[in-house]
Amino acid sequence: MNITRRRFLLSTAVAGGGVLIGYSALKPSKHRIANSDLAGEGEHYVTSFIKIEADNKITVYVPHSEMGQGVHTSLPMMAADELDAAWEDIIVEQAPAIDLFANGDLVKGFAGEYGIPSFLTGLVNASAASIAELMNLQITGGSSSVRYTGQTAMRTAGAAARQMLIDCAATRWGVASDECSTQLSHVQHNASGRSLSYGELAADAALLEPPKDVTLKQPAQFTIMGKAISRVDIPAKVDGTANYGIDAHSEDMLYAAIRLAPVFGTKLVSVDAGDVLSRRGIKRVIEMEDSVAVVADSYWRAKEALKLVKSEFEASDADNTSSADLFAGFERSLAADDSSKDKEVGDAEGALESAADVIEGSYKVPYLAHAAMEPMNCTVHLHDDIVEVWTSTQDALGIKARVAKIAGVAEDDAVFHHSYLGGGFGRRLPFNWNVIDHATLIAKEFDVPVKTVMSREDDMQQDYYRPAVASNFKAAFDANGVVQAWHNRFTGPIQVPGASHIPYAIANQSIHVVDGPTHVPIAAWRSVDHSQQTFFTESFVDEIAHRSGINPFQFRMQMLAEHPRHRKVLEVAAEAAGYGENLPAGHALGIAVQESFGSIVAEVAEVSLDANNRPVVHKVTCAIDCGWAVNPDTAESQVEGGIIYGLTAALYGEITIENGRVAQNNFPDYEMVRMADSPEIDVHIIESGEALGGLGEPATPPIAAAVSNGLYILTGQRVRELPLKNHDFSRSTPIAGV
Amino acid sequence: MATFKVNGVEQNLDIEPEMPLLWALRDELGMTGTKFGCGIASCGACTVQVNGNAVRSCVTPVSAVQGQDITTIEGLASMAAGANPSAPDLTALQQAWIDHQVPQCGYCQSGMIMAASSLLARNPNPSDAEIDSSITNVCRCGSYPRVRRAIRSLATA
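About the thresholds
Residues numbered from 1 in each chain as written. Chains lettered and ligands numbered in written order. Predicted model: local features only at pLDDT ≥ 70, side-chain atom pairs only at ≥ 80, totals over all residues. Helix = DSSP H or I, 4+ residues; strand = E, 2+ residues; numbered from the N terminus. Rg over C-alpha atoms; globule rule 2.2 N^0.38 Å. Buried ≥ 20, exposed ≤ 12 C-beta atoms within 10 Å, placed from the backbone. Contact = placed C-beta atoms within 7 Å. Core = buried A, V, L, I, M, F, W, Y, C linked by C-beta atoms within 7 Å. Axes fitted to C-alpha atoms, helices over the stretch in contact; angles between N-to-C directions. Parallel < 35°, antiparallel > 145°, perpendicular 65-115°, else oblique. Left-handed = near helix turned anticlockwise from the far one by under 90°. Nonpolar A, V, L, I, M, F, W, Y, C, P; charged D, E, K, R; others polar. pLDDT = per-residue confidence, 0-100. Pairing = 2+ DSSP bridges. Expected span 1.5 Å × (residues − 1).

A. Up close: the overall build of chain B. Looking only at helices and strands, chain B features six helices and five strands. Along its sequence from the N terminus, chain B presents helices and strands in the succession β-β-α-β-β-β-α-α-α-α-α. Relative to a compact globule of 157 residues, whose C-alpha radius of gyration would be 15 Å, chain B shows 15 Å and is just as compact. Principal axes of the C-alpha set define a box for chain B whose edges measure 45 × 35 × 25 Å. Burial analysis of chain B (157 residues in total) assigns 57% to the buried set. Across chain B, every contact between residues at least 6 apart in sequence was considered, and the portion connecting residues at least 24 apart equals 60%.

Shown next as structure tokens:
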């Protein structure tokens, strides 16, 4: 890939007043900023991502959060490979939360792929911000770090640095640059056998203006990318030294337990704290607009005291609202069909009118909590006119700005302390800020660090949820039994455009969205709209296949003539799963496929029922075309994890609303897949050589449909509502002939 | 006075007898390797070993471990090594966790490792069913297939 001048100029223009990471290597002014901000004595930068020291240690700064997706390894792999560094010489560091490391390219990548990224729509709606105004973020989300920061910034920076080091060596030796080569952190002049380490050249390179054009490697030239490199974050995660936001600790620290308004959007009316202030270690009871908190010298003391604090919140129109009411509202909206077009092809309404046969299906899925293992928390310390913040976040720069604003200090006087994330899944993206805001308000009352921790119950009841969605389908068949129309009305909002679209060659399609507003706060949840929409569309496609009398795998293959990558993942997954071969008695295979975040994923689930007629998922066979894989082992673990995350939702996941508030409390009533019901997972990565696709999310969407499609074959029961735990499979009539 | 040993070091803490061991470790001793997940012994993130047995520290009051020997993730290797100065920094179990690249976000893994270590100590060759019934910890990232692989790699067949 040549980084053309046109691209360079475009990138610069997008940056506006901000900075484009990766390209800053190509901007001498920013180059100087990098040196002054980060380089220590005897250290030199050649790009803003890469620091080369005289002893040949090479530090790569990663501007994304590590939440288990392996980005602290895969991004440095990309930089190191283009740099021709020895992997052993690489030191990985989290880039600081300063705007030099804002990841505008990620936003721009999304803008190209989808329009404004879903997790930023809150900001866009709030301020009608242009793309340029979205630059000052440091987002980790959208399965995008490797695809955008890696491909645009890391590889470019590595290649630019390599070229500069070659030029320095050539000048020193008085030879032409093209007589020199690089490997293992050294420049060599092959004709004379001379060699200099990158460290020996770093001081010279720092004086050069970076090249305007760089040529990236072809896959055959990769020395690090494509190899299963051990993740750099793992050793600290097996000996207890890995530091998460919740692990911020100091001797003088105070701790806050908080009770937020149980009905979303209501305000605190009164508090009766009784005599909790007389309890050991209790410092303050703090009343806020929508919450009450107890601050103590230990989290446990604060939490126990809060149980004794009585509080009254204002009455609200939502006080009597239940999930049944919300879904009834969805049904009314769908029936009224005051809808906006999502996609319209041909004349689906006409085809339905003239159809020989019509099938219908009404689907719905509930709200879901993210339930990251690290409960939401934030530590804030206001002192000496500055504010320091420690929290696990998918957007360090955004948190820094938010805390500074609420603390009333200048953004430049805010210091963000990075940590690993104990899970993100969308919960720790911008705008999902309740714990951040409250932690800052509480900490304003003290001059020592205050750590606010949500209990698991708070975390579950004060989330920003995956939206509940209802989706109604009709399909029209002609006299020959061939499907002619696909008609779909679903409740919004649309967070990721295109998730409801189908790749299948159905001549007439009418896909519309209706408003589905509720008082329940919503946010992106691993794979965003794809998790709900893929359950809907891949289940209803399965209904169409069965009605057509064609095996669901064959039906999909027939209808995907224009989509060879879809066909390939289906073929690979089906063959590896033994599709069409004899299965153990009482087992069935269900299949589903979905493209999301640039990757195409087919999953085949082998299912049965246990002695109590509960679904059992024995094995999931997955084929993913993600273009190619930077770190194949990390890619596999992301696919494994994505499947299990989606399987928990399919089997158990359900947040319900009762009396306006979340009914679930903790893991016993928001159950998780655990070891005992975790299936064998067989992952096949297909290297199509197409553009890099995402890996963190794309494996989540197909699993619910794959499992329920298998259960249909096994039981004759079509699952149109999740979770599966609510279904009674005791009266089963297996579908013959598939 | 709550008195117990953590990783071989005696601790005397002037705390309430009903304070859960988890919070004594994290807030009083600043040992943050042991994690808070659910507070009700459901998820296992807080698992430590008391006299070698896996225990969920979030519901274990310090009064229940008076005079006992507690091992946390920070001390797992040193406690296993005992007085052996040439022992490696990690147990074979922790090394297996690295070899199989088990953790993703890693937050649950302290508890996962403490539970697996306890399982293997009393049952060196656990069947899949025994792994399922012993390792009931929650991992939201879905590391279960690799947890199983890592445990099985150590099983003495």
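B. A look at the interface of chain A and chain B. Opposite the 47 residues of chain A that make contact, chain B presents 46 residues. Elements represented by at least two residues in the side of chain A that touches chain B include exactly helix 8 (234-238), helix 9 (299-308) and helix 18 (632-651) of chain A. Considering every element that reaches the side of chain A that touches chain B, the biggest residue donor is helix 18 of chain A, with seven residues.

C. How the structure looks around the nonpolar core. Counting residues in hydrophobic clusters, the biggest one holds 259 residues, and the most contacted among them are A:Val294, A:Val569 and A:Cys622. Broken down by element, this core gets its largest block of residues, 12 residues, from helix 6 (residues 145-173) of chain A.

D. The packing of helix 12 (residues 396-407) of chain A against helix 13 (residues 434-443) of chain A, seen in detail. Residues and elements named next belong to chain A. Put simply, helix 12 and helix 13 touch, their axes get as near as 9 Å, and they point 40° apart. When the axis of helix 12 is compared with that of helix 13, the two are oblique. Considering how the two elements wind past one another, helix 12 and helix 13 form a crossing that is right-handed. Contacts between helix 12 and helix 13 involve Ile-399, Arg-402, Val-403, Ile-406 and Ala-407 on the former and, on the latter, Ile-436, Asp-437, Thr-440 and Leu-441. When its residues are assigned to classes, the contact of helix 12 with helix 13 shows six nonpolar, one polar and two charged.

E. Here's a closer look at unusual backbone geometry. All names here are of chain A. Put simply, Gly-492 and Pro-493 share a cis peptide bond, and its omega is 5°. Structurally, Pro-493 is set in the loop between strand 20 (483-491) and strand 21 (508-514). Positioned with a positive phi, Asp-84 is a non-glycine residue whose angle comes to about 60°. Inspection of the secondary structure puts Asp-84 in the loop between helix 3 (71-83) and strand 4 (90-94). Asp-84 sits in the buried class, given 24 other C-beta atoms within 10 Å. In this structure, Asp-385 takes a positive phi of about 65° despite not being glycine. You can see Asp-385 is positioned in the loop between strand 15 (377-383) and strand 16 (386-390). A residue is classified by how many C-beta atoms lie within 10 Å of it, and Asp-385, with 9 of them, is exposed.

F. View of the confidence of the model for chain A. Residue and element names in this part refer to chain A. The predicted model of chain A averages 88 in pLDDT, with 88% of residues at 70 or higher. Note that residues 1-47 has pLDDT below 50 and, in this model, 103 contacts with residues that lie over four places away or in other chains. Of the regions scoring below 50 in pLDDT, residues 110-135 engages in 42 contacts with residues more than four places distant in sequence or in other chains.

G. Just the pairing of strand 10 (residues 282-288) of chain A, in detail. Residues and elements named next belong to chain A. Judged from the six bridges that link them, strand 10 and strand 11 (residues 291-296) form a sheet pairing that is antiparallel. Paired with Ile-282 across the two strands is Ala-296, which belongs to strand 11. Count of turn residues in the strand 10/strand 11 antiparallel hairpin: two residues.

H. Representation of helix 18 of chain A within the structure. The terminal C-alpha atoms of helix 18 of chain A lie 28 Å apart, and with 20 residues this matches the ideal 28 Å at 1.5 Å per residue to within 8%. When you tally the buried positions in helix 18 of chain A, you get 18 out of 20 residues, the bulk of the element.

I. Molecular detail of the environment of A:Thr440. Residues and elements named next belong to chain A. Mapped onto the elements, Thr-440 comes out in helix 13. Residue classification places Thr-440 among the buried residues on the basis of 25 C-beta atoms within 10 Å. As for Thr-440 and Cys-378, which are separated by 62 residues in sequence, their C-alpha atoms are 8.2 Å apart. Contact partners of Thr-440, with chain neighbours within four places excluded, come to Val-380, Val-403, Ile-406 and Ala-407.

J. Here's a closer look at the sheet that holds strand 17 (residues 414-417) of chain A. All names here are of chain A. Read from one edge of the open sheet, seven strands run 10-11-8-18-15-16-17, paired in mixed fashion. Because the sheet does not close on itself, it has two edges, and the strands there are strand 10 and strand 17. Here the average twist between neighbouring strands, direction ignored, is 20°. As paired elements, strand 15 and strand 16 share five bridges and run antiparallel to each other. Bridge assignment links Leu-382 to a residue of strand 16, and that residue is Val-387.

K. How the structure looks around the sheet that holds strand 5 (residues 180-183) of chain A. Residue and element names in this part refer to chain A. What the three strands build is an open sheet, ordered 5-6-7; its pairing is antiparallel. On the outer flanks of this sheet lie strand 5 and strand 7 (194-197), each paired with one strand and no other. Mean inter-strand twist for the sheet, computed between neighbouring axes without regard to direction, equals 25°. In the sheet, strand 6 (residues 186-189) pairs with strand 7 via four bridges, with the strands oriented antiparallel. Paired with His-189 across the two strands is Arg-194, which belongs to strand 7. Contacts from helix 6 reach strand 5, strand 6 and strand 7 within the one sheet, and its direction differs from that of strand 5 by about 130°. Packing against the sheet, helix 7 (residues 198-205) makes contact with strand 6 and strand 7, and its axis sits at approximately 70° to strand 7.

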